[in-house]
Amino acid sequence: MNTTTANDTSELLRFATAGSVDDGKSTLIGRLLFDSKQIFEDQLEALERSSDLTGDGRINLANLTDGLRAEREQGITIDVAYRYFATPHRKFIVADAPGHVQYTRNMVTGASTANLMIVLVDARQGIIQQTRRHAYIAALLRIPHLVLCVNKMDLVGYSEKVFSRISTEFTAFATRLDIRDIAFIPVSALNGDNIVEPSTHMPWHKGPPLLRHLEEVYIASDRNLTDARFPVQYIIRPYSDEHHDFRGYAGQLAGGVFRVGDPVVALPSGRASRITGIHTFDGPREVAYAPMSVTLLLADDVDISRGDLLVRPDNLPTLGQDLEADLCWMSERPLQLNGKYALKHATRNTRAIVRLLRHRMNIDTLEPEAAPTLALNDIGRVRLTTLAPLAYDSYRRNRQTGGFILVDEATNETVAAGLIVDPPQVAPQAASDGGYAI
Amino acid sequence: MDTYALSHLEALEAEAIHILREVVAEFQRPVLLFSGGKDSICMLRLAEKAFRPARFPFPLLHIDTGHNFPELLDFRDHRAAELGEKLIVRTVEDALAKGIARATPGESSRNRLQTPTLLAALEEFKFDAALGGARRDEEKARAKERVFSFRDAFGQWDPKNQRPELWNLYNARINPGEHMRVFPLSNWTELDIWQYILREKLDIPSIYFAHRREVVRRDGQWLPVSPLLQPKPREEVRTLDVRVRTIGDISCTGCIESAARNVADIITEIAAARVTERGSRADDKRSETAMEDRKREGYF
Ligand SMILES: Nc1nc2c(ncn2[C@@H]2O[C@H](COP(=O)(O)OP(=O)(O)O)[C@@H](O)[C@H]2O)c(=O)[nH]1
């Protein structure tokens, strides 16, 4: 009867939702929570009490997810809200992100950690500019799975024709993007069709309902287990008699697998060593893999500090100070070309100068265009120089070692999300960007 | 490849450890808020996982309202001593005496008074980051709060102007006088907490388990009868087997009828529960936006 229990060995799936205002995003999430029995009596009571606010008298599932007072008053979702629910198969973290253009930055935020994105469209309107923008962001942020939910099917007579027209149009558009896995599901969030149970109104739809898709979509291979990457986060030195010689390199694996005995190289210094132990509070381990948080012990007393990246010598990232990257601009104050920003990449804090804006992306036409700068919610390709060398991968290869943020040093505001792209292949020499330090 | 998978609890644990270490690496004077409640008990275990065999690189701080369950305070002191970590206690009583906090006539709950007491303690020790055990699933306003939640020089949270938080890259930059509240358990649910307590075999205060207690029916809840809360005439008073789901002041913590004798029983009960955790706290019931109002003022 109850579907709320995730047992403690179930997998975690993070998904983001995107749609235009009134496409029914809040209703859809409310429905998922409601039908998987995550809405509790006191929340229902509060919903009933507040339903007058929207005037339509009946319980508004959307109120369950529209959190802040300002949003309640304006009747729109303006910031990413996180929601949680579980079934016996999986535990879900939902990043409910606002849809309008002026909140692109919130969508990017919600999408940055997601395994999957649900893009919602209104069946009566089909694919609109906003839908293309959302799919573009999903592709840009390398979300491995996308679900196009065609909502309000009840308002188009549950028509298969409408659904396949929308699906075909979206497929044609999506071939221009790099999205690995797309599913199409016709739903009515309001009535619960194809949300948890297969819809009796749409027997022509052969695929699973939304919740089952979320439970079953294969995510185990989404992680990068190929490139061993360990950003050193913190050095553990007990300074006690008992642990006199203990010196541990604490951090969370950003990719791949490390084993006791593995040779490692610390970047940027290029110093080599070997893993002599993997320490955890629960005892020593033989192997650690992403995204575990562990403490590595090394053979030599090498000089390694926070911000260094430990990798295996047979699989090196790029090392350099000149990067190509896509920036999602998140501040009211536009990008200052040749201005200095604080940059955080993995565990390294340094500074960067944005030297060149190659183009701004027109996310309606998906065409690059010339632009003098990047303003709030713009996305563009830049070239930047960092003060200290960074050991990085392309974002396409690794979301952790390929992403960074820029921070305004005067206001401390996070102004941009950066996604490192492979440098343009000019000459073999230049492509290695200065070469490795070893 | 499946052998390289993490369960959801392991994934949440790895994330929380990363956040704890990030705070210690990025701030000068962090502190961990420890109340003796179940969330902060998990925080201590996560701190052990993040920093042992070294000592915690921060002290523990409890803001004592003076209206706490005695079981909770005993547990708090015992646990801190057992870990060998430093515990600082600052009391609302003291803050009232010094004029740092001012009571409103007729107000029985001291939850609101914790805020100025906490802010004064942060200032006293020049703490620049306070690690808290709050979860996003507790309440709607929290659902939008960042893991690194910036507070201005007045200790206030501005929900409309939060820093974007991308991947696991936390912006820790602040100016002098400002501070950060950091919530490593942001993505945990009540059930995750209990599953973690079970998995880690953590001790918890006895009041989380069913025990016999005199309670009074008020505002649709059973509240514990204590020197601070005496039944009014014609109120229904019973002696029941109850436990608490979340611990606040003894004057406003609702008890639920329960037969749960151990953590596994509690998990079974929660999985079938029909009332959310904060539904058993009288102070959140006042208005739909009660929590958001308190958070803006700097409540944790
Ligand atoms: N007929 C119908 N109406 C829907 C459906 N889903 C949502 N709505 C209505 O569309 C309106 C906007 O929904 P809401 O969830 O607030 O949209 P959001 O702005 O995307 O969060 C509300 O009046 C909903 O009741 C649906 O499947 N069918």
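Note that the structure is a prediction, hence the values are computed from the model and not measured. All residue numbers refer to position in the chain's written sequence, counted from 1. Numbering of ligands from 1 and lettering of chains from A proceed in the order in which they are written. Predicted model: local features are reported for residues with pLDDT of at least 70 only, side-chain atom pairs are reported and counted for 80 or more only, and whole-chain, interface and lining totals are derived from all residues. In computing side-chain values, all of the structure's heavy atoms are included and hydrogens and water are not.

1. Remarks on helix α1 (residues 25-35) of chain A
Buried residues are those whose accessible area, probed at 1.4 Å on protein chains only, stays under 20% of the maximum for their type, while exposed residues exceed 50% and partly exposed ones sit between those limits. We count a stretch as a helix when DSSP gives it H or I for four or more residues in a row; a strand needs E for two or more, and each element gets its number in order from the N terminus. For α1 of chain A, the tally of buried residues reaches 9 of 11 residues, placing the bulk of the element in the interior. Among all positions in α1 of chain A, only Lys25, Ser26, Thr27, Leu28, Ile29, Gly30, Arg31, Leu32 and Leu33 of chain A are buried.

2. Describing the confidence of the model for chain A
Residues and elements named next belong to chain A. This prediction gives chain A a mean pLDDT of 86; 84% of its residues lie at or above 70. For residues 50-58, every residue scores under 50 in pLDDT, and the model assigns this stretch 11 contacts once sequence neighbours within four places are set aside. The low-confidence segment residues 427-438, where pLDDT is below 50, has 20 contacts with residues more than four positions distant or belonging to other chains. Values of pLDDT, which run from 0 to 100, indicate the predictor's confidence residue by residue. Any two residues whose heavy atoms approach within 4.5 Å are treated as being in contact.

3. Structural notes on the domain arrangement of chain B
Residues and elements named next belong to chain B. Here the limits of each domain have been adopted from an automatic or database domain assignment. As assigned here, chain B comprises domain 1 (8-193) and domain 2 (204-285). Using C-alpha coordinates to define each centre, domain 1 is positioned 24 Å away from domain 2. Every contact between the two is made by 21 residues of domain 1 and, on the other side, 24 residues of domain 2. Together domain 1 and domain 2 conceal approximately 1,900 Å² of surface at their shared face, both sides included; 58% is due to carbon and sulfur atoms. Note on terms: buried area is the combined drop in 1.4 Å-probe accessible area of two parts once they are placed together, counting the loss on both. Of all residues in domain 1, His67, Phe69 and Glu190 give up the largest surface area on contact with domain 2, accounting jointly for 35% of the area buried on that side.

4. Re the site of the ligand
Residue and element names in this part refer to chain A. Contacts to the ligand come from 16 residues, most closely from Asp22, Lys25, Ser26, Thr27 and Asp154. Here Thr27 contributes a side-chain N or O atom positioned 2.5 Å from an oxygen atom of the ligand. Side-chain atoms alone can form a polar contact between residues adjacent in sequence; in general such a contact is a pair of N or O atoms within 3.5 Å, and within protein one must be able to donate a hydrogen while the other accepts it. At a separation of 2.9 Å, an oxygen atom of the ligand approaches a polar backbone atom of Ala189. Computed with the Shrake-Rupley method and a 1.4 Å probe, the accessible areas treat only the protein chains shown as cover for residues. Isolated, the ligand exposes 580 Å² of accessible area, and the fraction of that covered by the protein chains is 78%. Ranked by residue count, the leading element in the shell around the ligand is α1, at 3 residues. The cutoff for a nearby residue is simple: one of its non-hydrogen atoms must lie within 4 Å of the molecule or strand.

5. So, the sheet that holds strand β15 (residues 309-311) of chain A
A pair of strands is treated as paired once DSSP finds two or more bridges between them. If you walk across this open sheet you meet the 7 strands as β7-β15-β11-β12-β14-β9-β8 (chain A), and the pairing is antiparallel. The two strands at the open ends of the sheet, each matched to only one other strand, are β7 (229-231) and β8 (234-236) of chain A. Shown here is a sheet whose adjacent strand axes are inclined to one another by a mean of 40 degrees, direction ignored. Both strand β11 (residues 263-267) of chain A and strand β12 (residues 271-279) of chain A contribute to a ladder of 4 bridges, which runs antiparallel. Residue Pro263 of chain A lies in a different strand from β12 of chain A, and its bridge partner there is Arg274 of chain A. Lines fitted to the C-alpha atoms define the axes, with helices restricted to the stretch that makes contact. Angles between their N-to-C directions range from 0 to 180 degrees. Against the sheet, helix α1 (residues 8-26) of chain B contacts β8, β9 (248-252) and β14 (293-298) of chain A, and its axis sits at roughly 65 degrees relative to β14 of chain A.

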